[in-house]
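Listed here are the chains, written in short residue letters.
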Amino acid sequence: MFLTSGGFEGTEVKLSDIPVTKEQVTFKGVLELLVQSVWKYLKFPAIGILLAGAVSGLFQLAAPRLLQQIVDGLTHGTLSLSHGSLLAGLIGLFALIAAFFFVVAEKLSFYIATQVEDIWRYTALLKFYNLPLKWHDRHDSGEVGAKIDRGGGAIYEVIYEIFGQNLIVLFITLFFVIGYTLWAYPLFALIFIVPIPVYILVTKIISTRVVKAQIIINRLDHSASRTFYDGVGNLRYVKTFGKEKEETQAYADIWSKYHTLEYKQQKDRTLQSLLQKIIETLMRAVLLVVGIIAVKNHTLSIGELVLLISYQQLSFSPLEKLTSVFTRLGRVTKRASRLFDLAAETDALADVPDAVSLPLLYKEIRFENVHFEYSKRLHTMHDVSVCFKKGTTTAIVGRSGAGKTTLALLLLRFYDPDKGRITWDDIDLRSAQRASLRKRTALILQDTTLFNRTIAQNISYSNPHAGKKEVERAAKLAHAHEFITQLPKGYRSIVGERGVRLSGGQRQRIAIARSLMSNPDLLVMDEATSHLDSETELAIKEAIQYLHGKHTQVIIAHRLSTVKHADNIILMDKGRVLAQGNHKELLKHPMYKRLCNLQLQK
Ligand SMILES: Nc1ncnc2c1ncn2[C@@H]1O[C@H](COP(=O)(O)OP(=O)(O)OP(=O)(O)O)[C@@H](O)[C@H]1O
Ligand SMILES: [Mg+2]
């Protein structure tokens, strides 16, 4: 269940190992998952809540019993002043004890709620990071971020505000009240029990209506802001076409629907509390009438009547809460279910049960008749069979859209081939442990981005424990040391979001240093098509030369200087391999020649 997070010593990320399936992501399923999580990971605090609730409930139950003694003592004239004062003092004390344990239960539920929220938030986030690129291609990361964020908050609300604060302790008290009354005054217990099903029915009918309206209200809310931003974003065109009034009208139409629904909701709520008040008043009257009759018949003392009136009051408060709790529960569970929806995604590239750890490359990496498509009918890779021999440098060239980056991504198993296989010394990449593959390889992407951290942290990303010397060594190899030391804060400079405070070439050099740090067995570099000043080009060339022979390199090349040094060049077009060979051999190929003339000699 625990995972040590790299770089932040001493803290452990708690993760859930409760499996979630898509079928479970329903109102009932989500509540079950939450109860299961509480019971599995926070059993003792949960038992603590139940105990604290029980103690609080018992003391709440006991206080009216003392009041009963006072009233009976007074009516019979048997109560001494000292006894009366003692009983009054005890009533106060019991109320304090009940309040104390109520607070204890509240604190515990706060603890449980934050813990469960964290566990699922981190589980969902790790799932998000782990899910294959194919999944990410289809999802907006901002939207997923919002799901995790709001979903976590919703889990907290369900557990703390709804169950913890409002339900558990109150219902334990209700349970005691009814249990005791059933035992001591069965007839009166009926008066307490009768309203319960009526309450539940009213709550169910009305809260279903309120929740349904709420879903439409949420949709209208989104659509109002979309309409607003669409209009505002196209301000000049709104003006050009003279549509100021129409845009305002479209916005107003949505809000008017919104308010109509809100008004309906409000009416439902008013109706609900009115019905509740009617039931309450009615039951109070029934209790009083039956009580007065019983007192007159001497089957009940006045003190006992006072006791029953207090108990009736205690039994109403959880029932009153029930309505608001159910309405909120519906809304909040919907939000929490979005997070569980993410947790239920299946990781198509997860390690197979008997996955092997990849050893150092001994001979070669092979693509055997690889077919791949990003989406149906859009074939990106056709029957590609190529080989990358240990210690060699292979350049991949081809026109834009030829499938070069795709080949690199397949090579590092960011996607799996649809047909054919990719092998690392006869080990199919599909049967290798993903972590071992990542350890043996490094990738520099075409559009390099950096973390918004210091330069040193960026370079040492793969090995946060690396010393200053190692970081500087990598930076020097990547020709980055010089410009870094010229920055006012040197290696401690923060690079800005995605690395915006650096130039494209500087980013590229830091990315090279970052890749060299992990001492990869296989280095795949997708050369940037732009940003390459002669210095960066030199950095790349020297890094390639430094690694030549020691490591296996695959370089998607856009520069002649890179290609010329390659042991093998693969020419690609429209997802196929057109030709292979060294620079001289390939010059016979017309497309390669044209590429050399047009693209590579920029
Ligand atoms: N994530 C994706 N989802 C769907 N299609 C994609 C995706 N990435 C690339 N493609 C498509 O796959 C084809 C190959 O793209 P790829 O990025 O491999 O080309 P490339 O050779 O690297 O081009 P460039 O030289 O411009 O970088 C293109 O037609 C592209 O539109
Ligand atoms: Mg590319």
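Residues numbered from 1 in each chain as written. Chains lettered and ligands numbered in written order. Predicted model: local features only at pLDDT ≥ 70, side-chain atom pairs only at ≥ 80, totals over all residues.

## Quick word on the overall build of the protein
- When helices and strands are counted, the protein shows 20 helices and 12 strands.
- Its C-alpha atoms give the protein a radius of gyration of 35 Å, more than 25% over the compact-globule value 25 Å for 602 residues.
- A total of 602 residues make up the protein; the buried ones form 34% of that total.
- Of the contacts formed within the protein by residues at least 6 apart in sequence, a portion of 78% connects residues at least 24 apart. (Helix = DSSP H or I, 4+ residues; strand = E, 2+ residues; numbered from the N terminus. Rg over C-alpha atoms; globule rule 2.2 N^0.38 Å. Buried ≥ 20, exposed ≤ 12 C-beta atoms within 10 Å, placed from the backbone. Contact = placed C-beta atoms within 7 Å.)

## A short note on the domain arrangement of the protein
- As far as domains go, the protein holds domain 1 (1-184), domain 2 (186-299) and domain 3 (364-600).
- Taken together, the contacts link 6 residues of domain 1 with 5 residues of domain 3.
- Classifying every residue of the side of domain 1 that touches domain 3 gives 2 nonpolar, 2 polar and 2 charged. (Domains from an automatic or database assignment. Nonpolar A, V, L, I, M, F, W, Y, C, P; charged D, E, K, R; others polar.)

## Re the packing of helix α14 (residues 468-477) against helix α16 (residues 504-517)
- In contact at an axis separation of 8 Å, α14 and α16 are set at 130 degrees when each is read in the N-to-C sense. It follows from the interaxial angle that α14 and α16 lie oblique. Note that α14 runs across α16; the crossing there is right-handed. In contact with Glu 470, Ala 474, Ala 475 and Leu 477 of α14, α16 contributes Ala 513, Leu 516 and Met 517.
- Looking at the contact of α14 with α16 residue by residue, the classes come out as 6 nonpolar, no polar and 1 charged. (Axes fitted to C-alpha atoms, helices over the stretch in contact; angles between N-to-C directions. Parallel < 35°, antiparallel > 145°, perpendicular 65-115°, else oblique. Left-handed = near helix turned anticlockwise from the far one by under 90°.)

## A short note on the packing of helix α7 (residues 195-233) against helix α9 (residues 244-296)
- At their nearest, the axes of α7 and α9 sit 9 Å apart, and the two run at 165 degrees to each other. Accordingly, the angle class assigned to the pair α7 and α9 is roughly antiparallel. Considering only the axes of α7 and α9, their crossing is left-handed.
- Residue composition of the contact of α7 with α9, grouped by class: 22 nonpolar, 6 polar and 8 charged.

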